[in-house]
Amino acid sequence: MRDHHSPHREHGNGHDGFERRPGRERGGRGPRVFAPGDLKLLLLALIAEQPCHGYDLIRQIEGMFDGAYSPSPGVIYPTLTFLEESELILGDAEGGKKRYAVTDAGRQSLSDQAVALEGVRVRIDVSKRSLRGHDRPAQIHEAVHNLRHALQLHHGRWSPEEIKRVAALLNDTAKAIVDGPAVQPVMEKTE
């Protein structure tokens, strides 16, 4: 299925009607590593563990991903500025480089979001496996993309019967994936 509003996504071969995408997700930019708000919370937690510079934070995060991902300064520094403006961290510019430390409000915020921080750490582990190729094969990523695209193209024509039909298809597919490969019965040879 071609997205006529996005010419850069026309990688299909036309045989099955679905587009063929490059090996990376999200228009070739790679998979999303952090959910909204995750990076802010992670940076706050890392700074609470030990005051440090922005560059140190980039290296720490890169280490969490075993080198498979390194956040850009263009992502890290605006997030640090946001945390500083929110008074969750303080930046002390000694020697021309800012060294960040957590504030009491930052510690309270971390305490309030302890469960969310654990979720961030779990998502980092999942993202790390994905980035290192231990997640789904490219063909499965493509199939999932095609499913999402098909649902978007549905244009809200959700009658009660159609809801039942599509829900049954999706639930049956999910169950079949969880159950694993089908076991073929062994046929007895007749001579």
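Bear in mind that the values here come from a model prediction, so they are computed numbers and not experimental data.

1. Thoughts on the overall build of the protein
What the protein contains, in helices and strands, is seven helices and three strands. Surface accessibility of the protein: about 13,100 Å² in total, with carbon and sulfur atoms responsible for 55%.

2. Comments concerning the pattern of salt bridges
One pass over the structure, following the stated rule, counts six salt bridges. For Glu49, the salt bridge goes to Arg121, with nearest N and O atoms at 3.4 Å. Here Glu49, found in helix α1 (residues 38–49), pairs with Arg121, found in helix α5 (residues 114–131); they are 72 residues apart in sequence, far enough to count as distant. Residue class for Glu49 comes out exposed when judged on its relative accessible area of 56%. With a relative accessible area of 29%, Arg121 lands in the partly exposed category. Among the salt bridges present, the one from Glu162 reaches Arg165, with a minimum N-O distance of 2.8 Å. Taken as a pair, Glu162 and Arg165 lie in helix α7 (residues 160–179) at a separation of three residues, close to a single helical turn.

3. Comments concerning the nonpolar core
The biggest cluster of nonpolar side chains holds 27 residues, and the ones touching the most others in it are Phe34, Leu43, Ile47, Ile61 and Leu80. Among the elements of the structure, α1, α2 (54–64), α3 (73–85), β3 (97–102) and α5 are those that each provide at least two residues to this core. Ranked by the residues each element gives to this core, the list is headed by α1, at eight residues. Beyond its immediate sequence surroundings of up to four residues, Phe34 is in contact with Leu39, Leu42, Ile61, Phe65, Tyr69 and Ile124.

4. Examining the sheet that holds strand β2 (residues 89–94)
In any sheet, the strands associate via hydrogen bonds between backbone groups, in a parallel or an antiparallel arrangement. Strand order in the open sheet formed by three strands is β1-β3-β2, with antiparallel pairing between adjacent strands. If you trace the sheet from one side to the other, it starts and ends with β1 (52–53) and β2, each paired once. In this structure, β1 lies alongside β3, joined through two bridges in antiparallel fashion. The residue of β3 that forms the bridge with Cys52 is Tyr100. Lying on the sheet, α1 is in contact with β1, β2 and β3; it crosses β3 at an angle near 90 degrees. On top of the sheet, α3 reaches β2 and β3; it is set at about 115 degrees to β2, its chief contact.

5. A short note on the pairing of β2
Pairing of β2 with β3 involves six bridges; the strand directions are antiparallel. Bridging from a neighbouring strand, Ala93 pairs with Lys98 of β3. Count of turn residues in the β2/β3 antiparallel hairpin: two residues, of which Gly95 carries a positive phi of about 65 degrees.

6. Quick look at the confidence of the model for the protein
Looking at the protein, the pLDDT average stands at 77 and 74% of residues meet or exceed 70. Below pLDDT 50 for its whole length, residues 1–29 participates in 38 contacts with residues either more than four positions away or in separate chains.

7. Focus on the side chain of Thr79
Considering the arrangement of structural elements, one finds Thr79 in helix α3. Within polar-contact distance, the side chain of Thr79 engages the backbone oxygen of Val75 at 2.7 Å. The contacts of Thr79, once residues within four sequence positions are left out, are Leu39, Lys40 and Leu43.

Scoring rules and cut-offs
- Residues numbered from 1 in each chain as written.
- Predicted model: local features only at pLDDT ≥ 70, side-chain atom pairs only at ≥ 80, totals over all residues.
- Heavy atoms only, no water.
- Helix = DSSP H or I, 4+ residues; strand = E, 2+ residues; numbered from the N terminus.
- Areas by Shrake-Rupley, 256 points an atom, 1.4 Å probe, with all protein chains shown as cover.
- Salt bridge = Lys/Arg side-chain N within 4 Å of Asp/Glu carboxyl O.
- Buried < 20%, exposed > 50% of the residue type's maximum accessible area, 1.4 Å probe, protein only.
- Core = buried A, V, L, I, M, F, W, Y, C linked by side-chain atoms within 4.5 Å.
- Contact = heavy atoms within 4.5 Å.
- Pairing = 2+ DSSP bridges.
- Axes fitted to C-alpha atoms, helices over the stretch in contact; angles between N-to-C directions.
- pLDDT = per-residue confidence, 0-100.
- Polar contact = N/O pair within 3.5 Å; in protein donor to acceptor, adjacent residues only side chain to side chain.

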